[in-house]
Amino acid sequence: MNNFSRIGFILAAAGSAVGLGNIWKFPYITGEYGGGAFVLIYLIAVSLIGLTIFIAESYIGKEARVNAADAYQIVSKSKNSSWKFAGFQIVTGIVILSFYAFIIGWILNYILISFTGFPNDIQKAENLFNNLVTKEIGKQILFHTIVTLTVAYIIVKGVKEGIEKLNLILMPLLGLILFGLLIYSFTLDSFSKALEFMFMPNWDKVNENSILAAVGQAFFTLSLGMAIVITYSASMDKKTNFVKSSIMVAVVDTAVALVAGIIIFAFLFSAGAKSTAGPGLVFISLPLIFSTWGIFGQIVGCAFFVALLFAGITSAISLLEPPLMYLMERYKVSRVKGTILCSLFFYILGIFALLSMSEDFGKFLTFFEKNLFDWLDYLTSSIAMPISGFITCIFLGYFVDQQELEKKFTIHVNKIVFKIWLALIRYIVPIAIIILFLNKLGIIK
Ligand code: PHE
């Protein structure tokens, strides 16, 4: 059978979850929202909202055992074919991949820089990053091409030989590198300051925006709302305890985010740098600190960006499998052909997105004051993902046979756990998503 082994599924799902969101985004939003209190809210958001939807998607995939577009219909009580529209999530994933791929390309660029030396003053560090994004089109397209070919090559090999194998290798390596960096950060004087920053709640900076950012991050970091968990779970071994594996994935994902945060803040505080640098934290502030450590800094920096690369690649392949599985099942396209089609789509869209940030082409690719890249990010993260999450809640909460649902859950967990999950999926999570959604659209403040 072409199914994941038990550990293969957990590693692949964790490989998808652990990505740029954990190592790049989590630390910088934690920095922006003031540390400890934000981390606490994030932990609550992951365990209540993120995990609830993760379990839901995993259930749908495992029961239906098909692509995400057909899965809702198969699992629904009435087998009503209009549930197929829930499959629009497949498109969300491939659109995200278009820009996720060239961001991984930026990481490749920083790995190369680690060999020659990082910039040693803030102006140079800022120029390096800004030039890459706004001027160096050829270089970005080259890296984007390398990333696309790599992702396509792995995906073409299939679930077992491609996805599972890659994750079996890269995830432990990623763990090892992060562990090494953690040990190193432990030796710095700033380690305790980093711990304090991450875990001592400072409620001053907390407002409704931090709560919304935490919920949004919980969604993104667990790869929810874009058919990934459904697709991977369709290849899960039938006997697997999907609740337990979901919890394990959430724990691994959270652990990586926390460890990345500790490492990065220990590094930053060791040089007296601020925690509020925003998206440039990893690409501008960190290289500057690495440069002050000489050759050792080059090694640490290289290790750091390689970790980021591994995290990114395992997430990228998970974005390609859902549309591919759909094409293969629905249109009987071969794996090779499907991979080529999907890859071409995200590759070309990615090129337009990266051009939209360039000085030369930006103005042609900016619509209503947002460039294409911002639009793609906005339409996926702020619109499509919350809508999918909401549909999944309503679907399992109200449109499937509840006795059947209870029966399938209670094979693995006791009745009380099931009841708590059901209350979350029926009432609490959908309401939370609606509030988040309306706020993102600017309808409520
Ligand atoms: N979960 C990944 C991260 O944290 C990102 C991702 C989002 C991957 C959506 C796949 C799908 O970076």
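Being a predicted model, the structure only gives us computed values, none of them experimental. (Residues numbered from 1 in each chain as written. Predicted model: local features only at pLDDT ≥ 70, side-chain atom pairs only at ≥ 80, totals over all residues. Heavy atoms only, no water.)

A. Structural view of the site of the ligand. The full set close to the ligand counts 15 residues, and Ala17, Leu20, Gly21, Tyr100 and Phe220 are the nearest of them. Asn22 places a side-chain nitrogen or oxygen 3.2 Å from an oxygen atom of the ligand. Here a nitrogen atom of the ligand sits 3.1 Å away from a polar atom, N or O, in the main chain of Thr221. In isolation the ligand exposes 310 Å². Once the protein is present, 100% of that is buried. When the residues that make up the shell around the ligand are grouped by side-chain class, the tally is seven nonpolar, eight polar and no charged. (Near = heavy atom within 4 Å. Polar contact = N/O pair within 3.5 Å; in protein donor to acceptor, adjacent residues only side chain to side chain. Areas by Shrake-Rupley, 256 points an atom, 1.4 Å probe, with all protein chains shown as cover. Nonpolar A, V, L, I, M, F, W, Y, C, P; charged D, E, K, R; others polar.)

B. How the structure looks around the nonpolar core. Counting 172 residues, the largest nonpolar core has Phe267, Phe304, Phe305, Phe409 and Trp421 as its most contacted members. Not counting residues up to four positions away in its chain, the partners in contact with Phe304 are Ile23, Leu181, Ile264, Val282, Leu286 and Phe290. (Core = buried A, V, L, I, M, F, W, Y, C linked by side-chain atoms within 4.5 Å. Buried < 20%, exposed > 50% of the residue type's maximum accessible area, 1.4 Å probe, protein only. Contact = heavy atoms within 4.5 Å.)

C. Region of the structure containing the environment of Phe345. Secondary-structure assignment places Phe345 in helix 15 (residues 335-355). When the C-alpha atoms of Phe345 and Leu97 are compared, they prove to be 9.9 Å apart, with 248 residues separating the residues in sequence. (Helix = DSSP H or I, 4+ residues; strand = E, 2+ residues; numbered from the N terminus.)

D. Just helix 7 (residues 137-156), in detail. Taking 1.5 Å per residue, 20 residues should reach 28 Å; helix 7 reaches 28 Å between its end C-alpha atoms and fits that length. Tucked into the core, helix 7 has its buried residues touching helix 5 (89-116), helix 6 (122-134), helix 8 (158-186), helix 14 (294-331) and helix 15. Gly158 lies just past helix 7 and shows a positive phi near 100 degrees. (Expected span 1.5 Å × (residues − 1).)

E. Up close: a nonpolar patch on the surface. Among the surface-exposed residues, Tyr398, Phe399, Tyr427, Ile428, Ile431, Ile435, Leu441, Ile443 and Ile444 lie close enough to one another that they form a single nonpolar patch of about 840 Å² accessible area. Tallying contributions element by element places helix 18 (residues 415-440) first for the nonpolar patch, with four residues. Among the structural elements, Tyr398 can be located in helix 16 (residues 372-398). Owing to a relative accessible area of 36%, Tyr398 belongs among the partly exposed residues under this scheme. (Patch = residues over 30% accessible without salt bridge, like charges linked within 9 Å, V, L, I, M, F, W, Y side chains within 5 Å. Salt bridge = Lys/Arg side-chain N within 4 Å of Asp/Glu carboxyl O.)

F. Seen up close, unusual backbone geometry. Non-glycine residue Ser223 carries a positive phi angle of around 60 degrees. For Glu369, which is not a glycine, the phi torsion comes out positive at approximately 65 degrees. Within the secondary structure, Glu369 sits in the loop between strand 1 (366-367) and strand 2 (370-371).

G. Seen up close, the packing of aromatic side chains. Throughout the structure, instances matching the rule amount to 42 aromatic pairs. Centroid distance Trp83 to Phe395: 4.6 Å. Interplanar angle 65 degrees. Geometry classified as edge-to-face. Remark: Phe395 occurs in helix 16 and Trp83 occurs in the loop between helix 4 (68-75) and helix 5; sequence separation between them is 312 residues. Each member of the pair Trp83 and Phe395 is classed as buried. (Phe/Tyr/Trp six-rings, centres within 6.5 Å; stacked < 30°, edge-to-face > 60°.)

H. Representation of the packing of helix 7 against helix 8. At a minimum axis distance of 6 Å, the contact between helix 7 and helix 8 shows a crossing angle of 130 degrees. Relative to helix 8, the element helix 7 is oriented oblique. Listed contacts from helix 8 to Ile154, Ile155 and Val156 of helix 7 are Gly158, Gly162, Ile163 and Leu166. Residues belonging to the contact of helix 7 with helix 8 are distributed by class as follows: five nonpolar, two polar and no charged. (Axes fitted to C-alpha atoms, helices over the stretch in contact; angles between N-to-C directions. Parallel < 35°, antiparallel > 145°, perpendicular 65-115°, else oblique.)

I. Representation of helix 2 (residues 20-32) in the model. End to end, helix 2 covers 17 Å across 13 residues, agreeing with the expected 18 Å (1.5 Å per residue, within 8%). Taking the largest bend as the criterion, helix 2 deviates by roughly 35 degrees, centred on Phe26, and proline Pro27 comes between one and four positions later. In terms of burial, helix 2 is largely enclosed, as 11 of its 13 residues are buried. Within helix 2 the residues assigned to the buried category are Leu20, Gly21, Asn22, Ile23, Trp24, Phe26, Pro27, Tyr28, Ile29, Thr30 and Gly31. (Bend = angle between axes of the 7 residues up to and from the residue.)

J. Inspection of the side chain of Gln89 at higher detail. Relative to the elements of secondary structure, Gln89 occurs in helix 5. Under the relative-accessibility criterion, Gln89 is labelled buried at 1%. The residues contacting Gln89, other than those within four sequence positions of it, are Tyr72, Gly225, Met226, Ala227, Ile230, Ser388 and Thr392.

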